[in-house]
Structure formats: C-alpha cells, structure tokens
Amino acid sequence: MTNKYIKQINCSDYQELSGRAAALVADIVKKQPKARLGLPTGSTPIGMYKILGEMNLDFSLCHTFNLDEYAGLASSDKRSYRAFMQEQLFSRINLPESGIHFLNGTAQDLEKECRRYDEELERLGPLNLQILGMGLNGHIGFNEPADSFIPQAHIQPLSPSTIKANSRFFNQESEVPRQALTMGVAPIMRAEKILLLICGKEKCALLEKALSGPITPKLPVSLLQLHSNVTIITCTKDQA
C-alpha cells in the first residue's frame, strides 16, 4: 500500500483494535460536539461500542447515520440492525432519539425511504467521520460487488456469501433477509474522515489486495483509494 492518504495501524489483538478505534471516535466527539457520525454494524465494531459506552462522552448534540438495515425487519425485531445498535451503543450513551438516523426496513415504499434517507444526509451536511467494516467479499455497508458503484441509498440484494456470513445472527440461514437497504457510496466518500476496522487474516489479505490493485465495483472497498483521509485499524487475529 503506497497511498499517502491512507494510514494503517496494525494491532496485536481485537482488544487493542477496539481501544484504538474508540479513542479516535472519542477525540472527534470531544473536538466536535455536533459531530455527524456514520456507523456500522456487524461483529467487528462491538468492542469499540462497548468502550465508547464506558467513556462518559457527551453525544447529546451528535447525529448518527447507520449504514444499512435489513429489508422486512422492523426496528423492534431483535435481529434488526436498529435493535443491534440500541443494545450495543445507543442504550449506553446520551444520544437523543432525534439524533439517530436509520433506514426503515419496513417502509411501505422502500425506494421512497432510500430517497428520504439521502435527503436527511444532504440536509445535515457531510459526515465528519464514517466508520466502516468490510465483508468477506469486500463490501462496505451493504454495497455488494457489482458492475458499477451506486452513489445513492438503494435496495441491495445480498450475495450468497453475505447471507451465509450473517446467518450467525439468526437461528438458521433461511431466516436471513435476502435484501437490505444501504447507504450508497457517495455519502461515504464525502465524509471528512473514514475509519475502517478489519479483523482476521482473511480480511487483512483481501484488504491488501483491494488497496494495491485496481479500483473496481467488483471489490467495493477498493474505492477508498480515492479518499483523502482514511485510517485503517487491523488485527490479523480473529475476534475472540
């Protein structure tokens, strides 16, 4: 990796990764009390969220935008990403409900819901920090490998590998929704700073390929090569 705008921090284990990520987020929230934060779900950020919940930070003026939500799952469904965020972070901090922005997976008109979400992002301005994880196929948010990048929020069919990977959060693979709503790549790339969290040898190897090879929608995370302020925190050990 030779991109001078990408800073990579290699950690010895998941605990160190989580601590470094939380410290970076905390620094932004302290310096920018009205920070606009883009947040991920999945296993990797759980440790970071736990630490942030213990730091007694003031999130009362912040706004958060989550990357994605399953189509068809209500926010009250424990398997939804809205419920995940409530458990892992929102219940632990003083972020008001008015500061939480989420795609509604049970909206009557999903296309209209995607447009509403983009309008909220546009109205409040670019994100100060977008935190990302990465799927085993290189997806960011639920922007799956495709023939082209999709700038705006959209309905995304999930790939078989994503469905299989996410089945660990469900009783069985057949319960995993086949579609999701996801933030498009334009708001991600407009963020002032991007923080990417990568855990495990397989993902670290894929990341190296993505950042040293061509920029392609077949490997969505490769798009980060074009951003001017990216910090990547990695550990090769799998999350315990």
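Structural notes, computed from the coordinates. The residue numbering used here restarts from 1 in each chain and proceeds along that chain's sequence as written. Only residues with pLDDT of at least 70 are given local features in this predicted model, and only at 80 or more are side-chain atom pairs given and counted; all residues enter the totals for whole chains, interfaces and linings. Only heavy atoms go into the side-chain values, all of them from the structure, while hydrogens and water stay out.

## Considerations on the packing of aromatic side chains
Reasoning step 1: A pair of aromatic rings is counted whenever rings of Phe, Tyr or Trp (Trp by its six-membered ring) have centres within 6.5 Å, and the orientation is called stacked for planes under 30 degrees apart, edge-to-face for over 60 and tilted otherwise. All chains considered together, the criterion is met by five aromatic pairs.
Reasoning step 2: Here Y70 and F170 contribute two aromatic rings whose centre-to-centre distance is 5.6 Å and whose plane-to-plane angle is 80°, an arrangement assigned as edge-to-face. With Y70 in strand β4 (residues 68-70) and F170 in the loop between α5 (160-166) and β8 (179-182), this pair connects stretches of sequence that are 100 residues apart. With respect to class, Y70 is no different from F170; both count as buried.
Reasoning step 3: Through pairs of rings, three or more aromatic residues link up here, namely Y70, Y81, F142 and F170. In DSSP terms, a helix is any run of H or I states spanning at least four residues, a strand is any run of E spanning at least two, and both are numbered starting from the N terminus. With a 1.4 Å probe rolled over the protein chains alone, any residue whose accessible area is under 20% of its type maximum counts as buried; one over 50% counts as exposed, and the rest are partly exposed.

## Notes on empty space enclosed by the protein
Reasoning step 1: Only protein atoms enter the 1 Å grid used here. Points where a 1.4 Å probe fits but cannot escape make up a cavity, open sets with protein on both sides within 12 Å along at least five of seven lines make up a pocket, and a residue lines them when an atom lies within 4 Å of a point. Grid points are joined across faces, edges and corners, and a volume is the space filled by probe spheres set on the points. One pass over the structure, following the stated rule, counts one cavity of 30 Å³ or more.
Reasoning step 2: Lining the largest cavity are V25, L37, L39, M48, Y49, L52, F59, T64, L89 and I131.
Reasoning step 3: Elements represented by at least two residues in the lining of the largest cavity include exactly β2 (36-39) and α2 (46-53).
Reasoning step 4: The leading source of residues in the lining of the largest cavity is α2, at three residues.
Reasoning step 5: Residue composition of the lining of the largest cavity, by class: nine nonpolar, one polar and no charged. When residue character is reported, Ala, Val, Leu, Ile, Met, Phe, Trp, Tyr, Cys and Pro are called nonpolar, Asp, Glu, Lys and Arg charged, and the others, Gly included, polar.

## Concerning the pairing of strand β7 (residues 154-157)
Reasoning step 1: What you see with β7 is a clean split: H154 and Q156 sit on the buried side and I155 and P157 on the side with no burial.
Reasoning step 2: Strands are treated as partners if at least two bridges between them are detected by DSSP. Across four bridges, the pairing between β7 and β8 is antiparallel. Bridging across to β8, I155 finds its partner in L181.

Purely geometric numbers; function is a separate question.
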